[in-house]
Number of protein chains: 2
Amino acid sequence: MKAVVNVFLKEGVLDPQGKATSHALASLGFKGINEVRIGKQIVIDLDATSKEEAEKEVKEMSETLLANTVIEDYNIEIVE
Amino acid sequence: MKAVVNVFLKEGVLDPQGKATSHALASLGFKGINEVRIGKQIVIDLDATSKEEAEKEVKEMSETLLANTVIEDYNIEIVE
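Let me sum up the structure you'll find in this document. (Residues numbered from 1 in each chain as written. Chains lettered and ligands numbered in written order. Predicted model: local features only at pLDDT ≥ 70, side-chain atom pairs only at ≥ 80, totals over all residues. Heavy atoms only, no water.)

Topic: the interface of chain A and chain B
Between chain A and chain B, the residue contacts involve 29 residues of the former and 29 residues of the latter. Taken together, the connections running from chain A to chain B amount to 0 salt bridges. Joining chain A to chain B, the criterion identifies 14 residue pairs in polar contact (both at pLDDT 80 or more). Those elements that provide at least two residues to the side of chain A that touches chain B are helix 1 (16–27), strand 2 (33–46) and helix 2 (51–66) of chain A. Ranked by residues supplied to the side of chain A that touches chain B, first place goes to strand 2 of chain A with 14 residues. Broken down by class, the residue content of the side of chain A that touches chain B amounts to 14 nonpolar, 7 polar and 8 charged. Two elements, strand 2 of chain A and strand 2 (residues 33–46) of chain B, share 13 bridges in a ladder whose sense is antiparallel. Looking across to strand 2 of chain B, one finds that Arg37(A) is bridged to Val43(B). (Contact = heavy atoms within 4.5 Å. Salt bridge = Lys/Arg side-chain N within 4 Å of Asp/Glu carboxyl O. Polar contact = N/O pair within 3.5 Å; in protein donor to acceptor, adjacent residues only side chain to side chain. Helix = DSSP H or I, 4+ residues; strand = E, 2+ residues; numbered from the N terminus. Nonpolar A, V, L, I, M, F, W, Y, C, P; charged D, E, K, R; others polar. Pairing = 2+ DSSP bridges.)

Here it is as structure tokens:
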């Protein structure tokens, strides 16, 4: 089964990587960019007997390792 | 308008960050993990008059800056 975890900085948390990318795009001539924010997309291939089990397992992984829940939010999608 | 660009390593390209995460999860006691791969999720808030225009613009950004197309693939989703 495949799980996709998107980890992104919470609203209001400064994102220097996004800011740098935004500036770089502007200096390349791209116009009308209001904001760029950069997060992680983690794709996990795991053995699980059901979608529910996979989701529970991946939620635990996210809380303990994948996301820093002080400054980051995450969402989980089980794709197959 | 918001565009989400997912940038991920091509099949077969070694992903040391994913490997490290996979080992870390295993050492935390998570079982049945076959593979972990880590990509970037870039969310761009931009002014565009249409979905088509936004998609064209973001495709160009991806090709020139956001993705290294030698080793990375990407997909674009216009969300609103």
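What to know about the side chain of Ser62(B)
When you line up the elements, Ser62(B) lands in helix 2 (residues 51–66). What Ser62(B) contacts, discounting residues up to four positions off in sequence, is Val5(B), Ala67(B), Tyr74(B) and Ile76(B).

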